[in-house]
Structure formats: structure tokens, C-alpha cells
Amino acid sequence: MSDNTDSNDTSMNTVSGDKKVHGTVAEFTTVDSLMDACRKVRDAGYQKTDAFTPFPVHGIDKALGIKPTILPWIVLVCGLTGTAVALTMQIWMNAIDYPYIISGKPYISLPAFIPVAFELTILFASFGTFFGMWILNGLPKFSNPVFTDPRFDRVTDDRFFLYIDAKDPKYNQAGVEKLFGEFGSDYIQSVVEDDSEKKIPGFMYKVWIAVAAVSIIPLLIGLKMRVTNSDQPRFHIFFDMDFSPSKDAQQNTTLFADTRAMRPDVPGTVARGQHDVNFRTGIDMDAMASIDGVRAERLVRMLDDDQPESASESEESAPETTKSVMDTTPWLTDNPVDVSEETLLRGKQQFGIYCSVCHGLNGGGNGLVNRRAQRILAATWVPPSKLHDASLHADVYPDGKLFSTISNGIRKMPGYSAQIKAEDRWAIVAYVRALQRSQDASIDLVPKDQLEKIKKQQAEVEAALKAEADKANAGAESAEEETDADTSDAETSEDAKDESA
Amino acid sequence: MSHHPAPVVKPADDPAFKLPASMSALSVPLCGGGLILMIAGWAIANFMVSEKVGMSAYLAAFIYCLTLTIGCLFFVLIQHLVRAGWSTVVRRIAELVMVMIVPLAILFIPIVMSLLTGSGTLYRWDDPEYSVANHLNANVWEAKAGWLNQYWFMFRSVIYFAIWIGLAVYFYRGSTEQDETGQRSVTDRLQYWSGPAVMLFSLTTTMAAFDWVMSLAPMWFSTMFGVYLFAGSILSAHCLICLSAFLLQKKGAMRDEVTVEHYHDLGKLMFGFTLFWIYIAFSQFLLIWYGNIPEETEWFYHRQEAGWEYVSIALVVFHWIVPFMGLMSMFVRRRPAIIAFWAGYLLIMHYVDVFWMIMPEAHAAVPYSAPAATTPIAVAASVMCVVGMVGLMLGLLFRVAGGSKVVAVRDPRLAESMAFENV
């Protein structure tokens, strides 16, 4: 249906009797006759016109010469505003004002924002359409002068009306009536000022006051509740949200056959960061079970109880590790950790923290604690092993055994399983192997591009050693040990890189 | 209602209702050339890339043609269902396209053949080693195999084609019969059956999408997949109708019948269905993305690696944002040449969509190995295959249309449709 033309309030230029005339209306009985009349009125040059029909008639805009509406642009702007508001709101709330991770997604997680953006686009566009249409049509408008004619009521049923406003520059009452007469309309009428009672009936005020009064009641109840106390139990609007059906720890449930609300782990569950038994003991436990089932079972049970393995195991392994020929434990021979540069650097770091105080930075068994013990002649001191001893090389002292020793300790050395993570203990094993290698590796293993550098460093170290030796000969004893430790350390780090390559 | 001086409906034998001779003449060259190109495309992919890519390229071409055809079938059904008046002048175009379901049934035979080899050439579930090689849970696989097995699959395919061919031929025959008799009872009869027909159509389309496309990833499932395929299908059907009307008018047919108002309406539907397509596509994606369950994310994961991520993003931009913005304005919709351009554009994008649905599943049997479907030669072969099949279909279409009319000349709503106004 067509838009209303400009409203028709005041400024009449024609008077019929003593009432102001707003325009002229003509009645038609068919759509076709109305459309014909519309086209002719348009062609006659009238602009402030309007047609009234009981149902939407397509093509009437063109017939009346009504310009396309700007409503789509309003809707577009409103829709885009909705999108922008929704996205800004969500980004602000979820990523800036109160950063909160939901479902492990990033703070600004576009897919999650799309539904709201879509809804707000539609909402704003709908508002734009609805209220834009109201504004463009001059709504709300409770009365229109055409309503004064009782015959006009049939426009809601089976009659069609064409209206020309008196404000049209071409308007002339007689001329318009003559034009309408040519269309064969059998009812042509001037639209006059509505002089019916304009006062709102008194009872309407009473109804409005009553409605306003009643609508305040919930607000008053709420306000009263906020400032008074009550001994009544709380009123639960959402009962199942106030009393969640979820179970607390140790409670019973009827959901499961064992009536426990706390569920045990699914068989075979591996906790995050947890490794298998072999990884945690350094022993091939399947092979162990076939040799000594009782001991294997005890070892596994100790792990599951999450006890530090050192307690009894150290006694168990202490006598065995002294002579490798007598050792029947199926130690892991390969380091289960992926030996990379990263692992070796980690091993070096951990070795430096935990091992070097006794074993020395170069693994030579002459760390600060040892030196101190020697100096004060500590009677019960057992010197730490030199890690470069052939008896500690991989062929006689497998990786698994070395791992077990670090974990559980040996002789005076305590177990470190409580301090060092299993992965890091394996990294230390790898680093110790690198240290051992550093003492007897051939120069041929050095990559060609580094050979020159290594040789230069070697020469420097030898020169320094020689100088130190000369000095020592001259009588300075204490300086020698320190230089030894430093230079060896430089070499081992080179070697570590070498191995990782 | 007609408000203009009632438009003159031309007599049924007016040349404006015949397929232009220049198009009829293309029938044989299109059929021949299309067939050769299609086979060449398949052969190149088959022998130079892999058998799997060859069959997948063929399937992509087949699904492309199928979606256009059944989209047009749905268009016809829905026009009868809602007793549409506006669309009568363009309905015959859709009717002519929908009977192409008959030759398409024949083009389905190679897919059945590849299935019968039982080595997972096209559908991985067809490989008896599939569940073992992928370490699938035996119980789950047994349940799946109850549905996904050669003979039950073929039986279902026959059912789908039987229903579609039945519907297409019934509605086409009714309409062409009316060309001769001009009886109103035909329209009543078609309207009467359009309701059940739509129900049959939606069920078969959904199931066919599950069987023919979704089962390429046998362990993946999405209840929205049928609607997703349908969304692309109905969108491209409207594009095809719009483009065909434009080309026919250009060649001289139905010049007075199809007006700017019809392009305006087709444009509105194209605009709406572009949004519908992304709405369905995004709804499918969002739930899977949010749930983040490995079984469900698999399908989208494969479309986010090895170059497919660019295709996925490109679909959002070029299958939705660009045409959405392009089709939004009434100015555009009321200019047949521009709207025909967008129709052609969307028809191309629809193939990208189909390609994106099917080809990522054509990676080699070893999971995560380099997908051969993205190599230039595979893409070129796929394009040859689809262009060939579309050419073949067009050739047959012109042949059928040459023996018929391009407008439902004696439809009781033809005059109403010609006088149709939008605003």
C-alpha cells in the first residue's frame, strides 16, 4: 500500500460551508478502475495524492507516481549498526573488560560472536524498518479527516478510495471533482475538518490511573523486600538452579550400581604428564616380571602408591649395582626420552643444579662438597664416583640403571626422584652419557665446519693447561682444580652439540 | 489481479515460445563436445593423478549437475505448492532442467561401477580394509557397515532416482500436456500432488546428500548436511533460471513475457538464498567448532589444512559476502544484465562449494599425506569434467526444449504472471 502524503492539519485554502476542506475523495468499486484513476491523476500532475485499499495492491506506487522510499537505507544503516554494536559489545565484554576463556577458545573468538551479531543485525534492522516506517508515514496518527465520512468505512471491506489533498499546488475543488467525475466514480466527496468531540472521555483517565497504580505494585513489593527483614524461607523462583542436582564428594547416588557419586578412573587412564612404569623405573618391567615377579609387583605397587621409590629400593639396588656382571635386572638400555639438543641442554641445567655440587661440573667427581669434605677430612665421607669411569659407561652400566641410581640413590648418595621429574632424570642420563663421551671421543666426530674452531679451542686449552701446570710446579696448588673444571666444561658443551647434531 | 490493460497472451504457436534456432543448433555439438571433455577430464585425473581423484572429480561434476536439476525440481514443486502466479513465465525453464534427472540417472552408473570394484576407489567405506587400516572400533564400524554397504547403497540410490524421475516426469508431462489442452484441471492436479511431492523430495534429497557426499568421510556425521547441500542447490537453481531467462530473451524468445519484475523477484530469491546458504553452512560449522569433539571436527579439519583453508575462507567471502552485498540493492535486481551476471557468478561459486565438499576427501589412503586433489592438474581435470558434464546436459536440454516450448503457453496463470508487479 502506498505511503500517506503529508498530513493535513491546518492552512486550508478552500472552505466548504463553515468547515475547512482537507481534500477530495472518490470511491471506486474495483482495483482496475482505481488504478486507472490513479494513473490519470498522476498524469494530470497532482502530487499530494493517496489511495486507500482493503488489501495491498502491487503497482499502485507506480500508478500514483510515488517516489521510491528511503526506508531500505535506514534499514541498512540500522542493520550495520546492529552488527557493529554486537561485535564491539562482545569483544569489549569478553576480551577487554573481563577477559574470560570460554571452552578453551581465544578471547576474541569470531565464530562464537557471530550468532549474537546476526541476531542484533536482524533486531536493529527490524526496529529500523518498523519505526522508520512509522516516522516516514507520520505515525502514530489517531485520526484522519477522511474518517469523518461514514462511507469511507467500507475501505476496510470492498471499496477503493482515491484522495487528493487540498495542499496540492494544482488543487481546485471544482476541477478535482470534475476529474473524478470523468473516471466514472459514483461517489465524490469533500473531506472536511473532523469536528467531533476531541476530549478524551473521563473514564479513560480513571482506567489509565488504575493501570499505572497496579503496575507499580510489583515495584513496591520489591522495594519493601529490600529494606525489611523476613523470617520466611527464601522464595525460589528457579528451584533447580538454587539446588543443583549435582553430587558432592563422598555422597551416594542411585545412578551407578556401586552407589558412589565419585567415579573411579576408567581402566587404563593415564594422567596428564604421567608415564609408563618403564619410564618411571628405568626397568623393562615385562622382562622383570618374568625374572622376579614378586619384585616387579612390589616396584609397580610402590609407583602406584605414589611413594618416593627410594625408601626400600635403594637397599635393594645398592649391593647389586656394584658389580654389573652380577646384575640380572633387565635395565632399559635405551633412553626413552627423545635425545635432542633441547633434552641435553635440559640435562645440563639439571645436572648443574643437582649433581655438580658433588660430581663436579665435568662429572669428574670433584665438586665443591667433595672438596670441602676433603679439606675438613670428614671421616665418613664416601667420595662421589667419577662419572668417566669405564665401569659407568653404557655398555656395563645401562641407561636404566643410571636412571634408577639417580632416582633411588646409591651408597651415601640420596635418591632424587622427589626433587627431579622423571623426564629430567632421563635428560640427566643423556647428559652424563655426553659427558662421558666428551672424554674419549675422537676428533673425527667433529663436523668439518667446526673442526677449525675446535682445534683452535683445543690449542688454547692446552696452552692454558700448560701454563697452569707451570704455575703449579712453581707451587700454586689451589688454582689448578678450578681451571680443570672450567675448561672441561667448555669441551663438554661442544660435545653436547655434536651429539645432538 | 491485473492492473495494466490486460497483457496480450500470444497464441501458443508464437515463435517467442520456441527455443531459438541458434540454441537448438548447439544441441549436438554440446552433447558431443561435453561428453568428450567430461571423459577427458576424468581420464586426466584418473591416469595422471590417481583413480580416487578421477572418480572424485567425476562425482563433483555429477553432484553439481544434480543439485541444479533437483533445485529446479524443487522450484517447480514449491511454485505449485504455494499456487504462485508470478513465476509462471519462467517455470517452464525449471521444468525443462528438472527432466534432466533422467540422463543424470545414467551418468550415475560410473559411480556404481566404481563401487562394485570394492576397493574404496571413491567411497572409502567400500574398502574392506578400511576399518582395520584406520583402527576403528569394531562395534561402531559394524553398525556403520549395516548402512554403508554396496548393495544397500545401490538400492537406496535407485529409490532416490525413481522418486525424482517420477516427480520430474509427472510434473513435466502435466505442464506440457496443458500446452496442448489448456485445461485448468491439470494445474489443480499438479497443485494437489505438490504437497506430498515436496515431502518425498526433502527426504530423498537429505538421504542422497548423506549417502553420496557425506559418506565420503564415513566416520563423520552432520545432521545438517542434507540441508546444506539443498541450500546450495536451491540457490543455484534460481541462478540458473535467471541466467537462462536472460539468455533466452537475448536470443529473442519470451521477450514480452519475462519482465524486469521477474528478474527482480528472482534476484530477491537469490539474495535470500545466499544468506540461507551461509546461515546453514555456519550453523553446521558453529556447533562442530564449539563442541570440538574429534569425531565431528574431522571434516572441517581436513578443510583447514593443505591449502583448503584458503578455499574455505574464499567460500565465505565470495559465495556469501560479495554476492550478498552485490544483490542487496533493488537497483541491481531490476537490471536484468547485472542480475544475470550475479547468477552466472553464483553458478561458478556453487561449483567451488561442491568441489570443497568432495575433493578434500580424495586425499590418499594414508591419512594426512599430501592431498593430490589440490594440484593444478587435478583442479584443471575437475573443471574439464564439470564443464563437460554441464555441456552434455545443456545439449540434451536444448534437444528436449527444441521439441517443446520455453514457456508454459496455456497455463491459466500466464496472463497474471506477465502482468506481475513487485511494488
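Residues numbered from 1 in each chain as written. Chains lettered and ligands numbered in written order. Predicted model: local features only at pLDDT ≥ 70, side-chain atom pairs only at ≥ 80, totals over all residues. Heavy atoms only, no water.

The name recorded for chain B in an unreviewed UniProt entry is Quinol:cytochrome C oxidoreductase, from Rubripirellula obstinata.

The name given to chain A in an unreviewed UniProt entry is Cytochrome c, and the organism recorded there is Rubripirellula obstinata.

Asker: Is there a simple way to think about the overall build of chain A in this case?
Answerer: Within chain A, the secondary structure is distributed over 17 helices and 7 strands. Across the 501 residues that make up chain A, the buried fraction comes to 33%. A fraction of 69% describes how many contacts in chain A between residues 6 or more apart in sequence connect residues 24 or more apart. Carbon and sulfur atoms make up 58% of the accessible area of chain A, which amounts to about 31800 Å² in all. (Helix = DSSP H or I, 4+ residues; strand = E, 2+ residues; numbered from the N terminus. Buried < 20%, exposed > 50% of the residue type's maximum accessible area, 1.4 Å probe, protein only. Contact = heavy atoms within 4.5 Å. Areas by Shrake-Rupley, 256 points an atom, 1.4 Å probe, with all protein chains shown as cover.)

Asker: In this structure, what is going on with the overall build of chain B? I would like to understand it.
Answerer: Broken down by element type, chain B carries 18 helices and 0 strands. Counting across all 423 residues of chain B, residues that qualify as buried make up 56%. Partitioning the contacts of chain B with sequence separation of at least 6, the portion at a separation of at least 24 is 81%. Accessible surface, chain B as shown: approximately 17000 Å² in total, 71% of it carbon and sulfur.

Asker: Explain the UniProt feature "transmembrane region" (unreviewed entry) in chain A here, please?
Answerer: Residues and elements named next belong to chain A. Feature annotation in UniProt assigns "transmembrane region" (unreviewed entry) to the following positions: residues 70–92, 112–136 and 203–223. The annotated region residues 112–136 carries 100% helix and 0% strand content, and the separation between its end C-alpha atoms amounts to 37 Å. Annotated as 100% helix and 0% strand, the span residues 203–223 places its first and last C-alpha atoms 30 Å apart. (UniProt positions renumbered as here; feature names shortened; annotations may be inferred.)

Asker: Mind showing me how you'd approach the pattern of salt bridges here?
Answerer: When their charged atoms lie close together, side chains carrying opposite charge are able to pair. Throughout the structure, instances matching the rule amount to 22 salt bridges over all chains. Close ionic contact of K178(A) with E182(A) constitutes a salt bridge, the shortest N to O distance being 3.7 Å. Taken together, the positions of K178(A) and E182(A), both in helix α5 (residues 173–182) and 4 residues apart, correspond to about one turn of that helix. Where R92(B) meets D179(B), a salt bridge forms, and the shortest distance between an N and an O atom there is 2.8 Å. With R92(B) in helix α4 (residues 88–98) and D179(B) in helix α9 (residues 150–181), the pair connects residues that are 87 residues apart, well separated along the chain. (Salt bridge = Lys/Arg side-chain N within 4 Å of Asp/Glu carboxyl O.)

Asker: Which parts of the structure should I look at to understand the packing of helix α2 (residues 27–49) of chain B against helix α3 (residues 51–81) of chain B?
Answerer: When two helices pack together, their arrangement is given by the angle between the helix axes and the distance between those axes. All names here are of chain B. Two numbers describe how α2 lies on α3: the axes approach to 6 Å, and their chain directions differ by 155°. By the criterion of interaxial angle, the relationship of α2 to α3 is roughly antiparallel. When you trace α2 past α3, the crossing you get is right-handed. Across the interface between the two elements, M38, W42, A45, N46 and V49 from α2 touch E51, V53, G54, M55 and Y58 from α3. Within the contact of α2 with α3, the residues separate by chemical class into 7 nonpolar, 2 polar and 1 charged. (Axes fitted to C-alpha atoms, helices over the stretch in contact; angles between N-to-C directions. Parallel < 35°, antiparallel > 145°, perpendicular 65-115°, else oblique. Left-handed = near helix turned anticlockwise from the far one by under 90°. Nonpolar A, V, L, I, M, F, W, Y, C, P; charged D, E, K, R; others polar.)

Asker: So what exactly am I meant to see when it comes to the interface of chain A and chain B here?
Answerer: It is common to give the size of an interface as the accessible area that goes away when the parts come together. Across the boundary between the two partners, chain A contributes 20 residues, which contact 15 residues of chain B. Summed over both partners, the interface of chain A with chain B buries about 1600 Å², with 66% contributed by carbon and sulfur atoms. Ranking the residues of chain A by area buried against chain B places H58(A), K105(A) and P111(A) at the top, with a combined share of 30%. Summed over the shared surface of chain A and chain B, the result is 0 salt bridges. For the pair chain A and chain B, the interface holds 1 residue pair in polar contact (both at pLDDT 80 or more). Breaking the side of chain A that touches chain B down by element, the ones donating at least two residues are α1 (31–43), α2 (60–64) and α4 (110–137) of chain A. Sort the elements by how many residues they give to the side of chain A that touches chain B and α4(A) lands first, with 5 residues. Grouping the amino acids of the side of chain A that touches chain B by side-chain chemistry returns 12 nonpolar, 4 polar and 4 charged. (Buried area = accessible area lost by both parts, 1.4 Å probe. Polar contact = N/O pair within 3.5 Å; in protein donor to acceptor, adjacent residues only side chain to side chain.)

Asker: Hey, could you run me through the environment of L248(B) in this one?
Answerer: Residues and elements named next belong to chain B. Looking at where L248 falls in the secondary structure, it is placed in helix α11 (residues 225–250). Classification of L248 as buried rests on a relative accessible area of 6%. Separated by 158 residues in sequence, L248 and V406 have C-alpha atoms that sit 8.7 Å apart.

Asker: Which parts of the structure should I look at to understand the pairing of strand β2 (residues 19–28) of chain A?
Answerer: Across a regular strand the side chains alternate sides, sitting on one face of the sheet and then on the other. All names here are of chain A. Of all the 10 residues making up β2, 8 are buried; the element is thus mostly covered by neighbouring parts of the structure. As judged from the 6 bridges shared by β2 and strand β5 (residues 187–192), these two strands associate in the antiparallel manner. Bridging from a neighbouring strand, T24 pairs with S190 of β5. Two elements, β2 and strand β4 (residues 160–165), share 6 bridges in a ladder whose sense is antiparallel. Bridge pairing links V25 to Y163 in β4. (Pairing = 2+ DSSP bridges.)

Asker: Looking at this structure, how should I read the packing of aromatic side chains?
Answerer: Two aromatic rings, taken as a pair, are described by how far apart their centres are and by the angle between their planes. Inspection of the entire model under this criterion finds 61 aromatic pairs over all chains. Considering the side-chain rings of Y354(A) and Y416(A), the 6.0 Å spacing of their centres and the 65° angle between planes classify their relative orientation as edge-to-face. Note that Y354(A) is positioned in helix α12 (residues 341–359) and Y416(A) in the loop between β7 (413–414) and α15 (422–440), a separation of 62 residues in sequence. Taking relative accessible area as the criterion, Y354(A) reaches 25% and is therefore assigned partly exposed. Members of the aromatic cluster, each reached through a chain of ring pairs, are W220(B), F225(B), Y228(B), W277(B), F282(B), F285(B), W299(B), F300(B) and W356(B). One residue, K105(A), lies across the ring of W289(B), its end atom 4.6 Å from the ring centre. One Lys or Arg, R303(B), reaches over the ring of W356(B) and ends 5.6 Å from the middle of that ring. (Phe/Tyr/Trp six-rings, centres within 6.5 Å; stacked < 30°, edge-to-face > 60°. Lys NZ or Arg CZ within 6 Å of the ring centre and 35° of its normal.)

Asker: What is the right way to look at the state of the cysteines in this model?
Answerer: Linking two cysteines covalently via their sulfur atoms produces the bond known as a disulfide. Taken as a whole and assessed by the stated rule, the structure comprises 0 disulfides over all chains. C385(B) forms no disulfide, and the closest cysteine sulfur to it belongs to C65(B), at a distance of 9.4 Å. (Disulfide = S-S within 2.5 Å.)

Asker: Please clarify how the side chain of T67(B) should be interpreted in this entry.
Answerer: All names here are of chain B. Residue position: T67 is located in helix α3. With a relative accessible area of 1%, T67 lands in the buried category. Here the side chain of T67 touches Y64 through a polar contact of 2.7 Å, landing on its backbone oxygen. Excluding anything up to four places from it in sequence, T67 contacts L229, S233 and H350.

Asker: Sorry, what's going on with the layout of surface pockets here?
Answerer: It is the rolling of a water-molecule-sized probe over the atoms that shows where space remains empty. All names here are of chain B. By volume, the second largest pocket is sized at about 1000 Å³. Lining the second largest pocket are 41 residues, with L68, L240, L347, V390 and L394 sitting closest to its centre. Mapped by element, the contributors of at least two residues to the lining of the second largest pocket are α1 (21–24), α3, α4, α11, α14 (308–327), α16 (336–358) and α17 (376–402). Top element by residues in the lining of the second largest pocket is α17. It accounts for 11 residues. (1 Å grid on protein atoms, 1.4 Å probe; cavity = no way out; pocket = protein on both sides within 12 Å on 5 of 7 lines; lining within 4 Å. Points joined across faces, edges and corners; volume = space filled by probe spheres on them.)

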